[in-house]
There are 2 protein chains.
Amino acid sequence: MTPNFRPVALEHASRLVNHGPTVLVTSAAGDRRNVMAAAWSMPVEFTPPRIAVVIDKHTFTRELVIASGAFGICIPGTVLAGLTYAVGSESGRSVDKFAVHGIVARPGPVLGVPLIEAGCAAWLECRLIREAHTEDAYDTCFAEVVAAAADERIFANGRWTFGDDNVELQTIHHLGAGNFVRPGGVLRTKPMPASPARDTAGES
Amino acid sequence: MTPNFRPVALEHASRLVNHGPTVLVTSAAGDRRNVMAAAWSMPVEFTPPRIAVVIDKHTFTRELVIASGAFGICIPGTVLAGLTYAVGSESGRSVDKFAVHGIVARPGPVLGVPLIEAGCAAWLECRLIREAHTEDAYDTCFAEVVAAAADERIFANGRWTFGDDNVELQTIHHLGAGNFVRPGGVLRTKPMPASPARDTAGES
C-alpha cells in the first residue's frame, strides 16, 4: 500500500460510498485490464458488506467483470476529476487506459483486482455475486466487499474528515456533463436514541 | 405545487440523484402513510428513467410500498437534515410521522404518492417494478420514475446550481451517525468529444 493507506474494517466499508461519490470501477481478466467511471453505485448491506453498481452490458468492463468474477471500486479525489471523466468517455477495448493515462495499479489482497491508490481516497475489492436477471434487466451488478482500505488523511476509524488540508483527496460527485461537486460543510444533527439497523433507514 | 417547484423532464430525472444525495422515501396505502430516510439509492437507467433504492424488508415503508406498488423519492435540503435523521430513526408503524413532525405532503400527479416540497429540492414519483428475488436477497427495490419536479432555485434545465443563495435547499449526503455533508465547490472538467451513452460510463 502507498504510505498513507490503511486497511478499513469490513463493517465500515459501506461508509466509503454511503454519501454517493462517483467511483472508478477497475477490472482484469487474463492479460487485459480496464478502468471506467461510474456515478451509479450504492451499498445494499452492512454485514456481510455488499454493494450494487451499474455497469452497462456493452462495456468492456462488464466483459472483464463477468470473466473474472471480481472488480475494484476506487474512490477518486478531486485531483482525479479530469481523469475520472476521461476514463468514463473512452473505451478500454482498444487501449489500456492504465498505460495511456499513466495510472499505477496494485493487485488487491484477496482477489488480485487492479486497485488505484495515488489520487484516490479509498478502494474496495469486490467479489461479484452472479445475478443474471438483474445484470441483464438493470445492468446492476451486486458484489460482496472482501477487502477495503483508505487514505488515513481523509478516512480513519470509520469516519470521513473533510478539511482544507485534504482537498485533493476529497470525493467527487458527478452532476452530469463533466461537472462534479465536492463535499462542503458538514451538518451534525442531534443524535437520536435509536441505533438504526440500516444506516438512516432503521425501523422506518 | 409550491411556488418555486417546476416539472422536471423525465430524461433529466436521473440527474436529481446522480450525485448521491440522501433521500426521503414516502409511501401510502389505504389510510396509512409513512416517510423514512434512505442513503442508499441510485439511478439505473436514463430512458425509461429507473432507479433502485434499498428499503429494508422489516420497515413499515416496505409494507406500504409493496401494498401500493408506488413510492416517492423526496430530496431534502440542508434545512431538513435534522428531520431526515429523525424519520430515519423512528418507526412509522406506531405514529404518523407526517403529523408528528408537521410535514405537509401533496399527492403525486400520476400515482397519488404523498410528496414533500417544503424544505426539499426535488421529488420523483415512482412506480415499483416487482422483483421478488432482489427485494428479498438485497432489500433492493427497482422502480420507474413517472413524474419529477424540482425547486427552480436549485435545479433548472436539467442542472443543479449550488450557491450562497440556496444553501437551505442544497442536498445532504449522509456520512453516518447523523453527520451529513452538503455540496461544496463545483469542478468542471474539460469536455470530452464522446457523448457517453450512460452518464460517465459510456463505452468504457
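An account of the accompanying structure is given in this report.

What counts and how
- Residues numbered from 1 in each chain as written.
- Chains lettered and ligands numbered in written order.
- Predicted model: local features only at pLDDT ≥ 70, side-chain atom pairs only at ≥ 80, totals over all residues.
- Heavy atoms only, no water.
- Least-squares fit on C-alpha atoms with pLDDT ≥ 70 in both.
- Pairing = 2+ DSSP bridges.
- Helix = DSSP H or I, 4+ residues; strand = E, 2+ residues; numbered from the N terminus.
- Axes fitted to C-alpha atoms, helices over the stretch in contact; angles between N-to-C directions.
- Contact = heavy atoms within 4.5 Å.
- Phe/Tyr/Trp six-rings, centres within 6.5 Å; stacked < 30°, edge-to-face > 60°.
- Buried < 20%, exposed > 50% of the residue type's maximum accessible area, 1.4 Å probe, protein only.

1. Side note on the relation of the copies chain A and chain B
Working step 1: The transformation that overlays chain A on chain B combines an axial shift of 0.0 Å with a rotation of 180°, and the residual RMSD is 0.0 Å. Given the turn and translation reported, the copies of this chain are related as if by a two-fold rotation axis.

2. A look at the sheet that holds strand 13 (residues 173-176) of chain A
Working step 1: If you trace the four strands from one edge of the open sheet to the other, you get 13(A)-14(A)-14(B)-13(B), paired in antiparallel fashion. The two strands at the open ends of the sheet, each matched to only one other strand, are strand 13 of chain A together with strand 13 (173-176) of chain B. Recorded for the sheet is a direction-independent mean angle of 45° between the axes of neighbouring strands.

3. Comments concerning unusual backbone geometry
All names here are of chain A.
Working step 1: Here the amide bond leading from T47 into P48 is cis, since omega sits at -5°, within 30 degrees of zero.
Working step 2: Mapped onto the elements of the fold, P48 is located in the loop between strand 4 (41-45) and strand 5 (50-54).
Working step 3: Its identity is not glycine, yet N157 carries a phi of approximately 55°, on the positive side.
Working step 4: You will see that A177, though not glycine, has its phi angle at about 55°, which is positive.
Working step 5: When you line up the elements, A177 lands in the loop between strand 13 and strand 14 (179-188).

4. Looking at the environment of C126 of chain A
Working step 1: For C126 of chain A, the location among the structural elements is in strand 9 (residues 120-129).
Working step 2: Ignoring sequence-local partners within four residues, the contact set of C126 of chain A consists of I51, G69, A70, F71, I73, L111, A143, E144, V145 and V146 of chain A.

5. Concerning the packing of aromatic side chains
Working step 1: Per the counting criterion, the structure on display carries eight aromatic pairs over all chains.
Working step 2: Residues W40 of chain A and F46 of chain B carry aromatic rings whose centres are separated by 4.9 Å and whose planes lie at 65° to one another, so their mutual orientation is edge-to-face. Here W40 of chain A is found in the loop between strand 3 (32-38) and strand 4, whereas its partner F46 of chain B is found in the loop between strand 4 (41-45) and strand 5 (50-54) on a different chain.
Working step 3: Assessed through its relative accessible area of 21%, F46 of chain B is described here as partly exposed.
Working step 4: A centroid spacing of 5.2 Å and a plane angle of 75° characterise the contact between F155 of chain A and W160 of chain A, whose relative ring orientation is edge-to-face. As far as burial versus exposure is concerned, F155 of chain A and W160 of chain A are alike and both buried.
Working step 5: Aromatic rings pair up to connect F155, W160 and F162 of chain A into one cluster.

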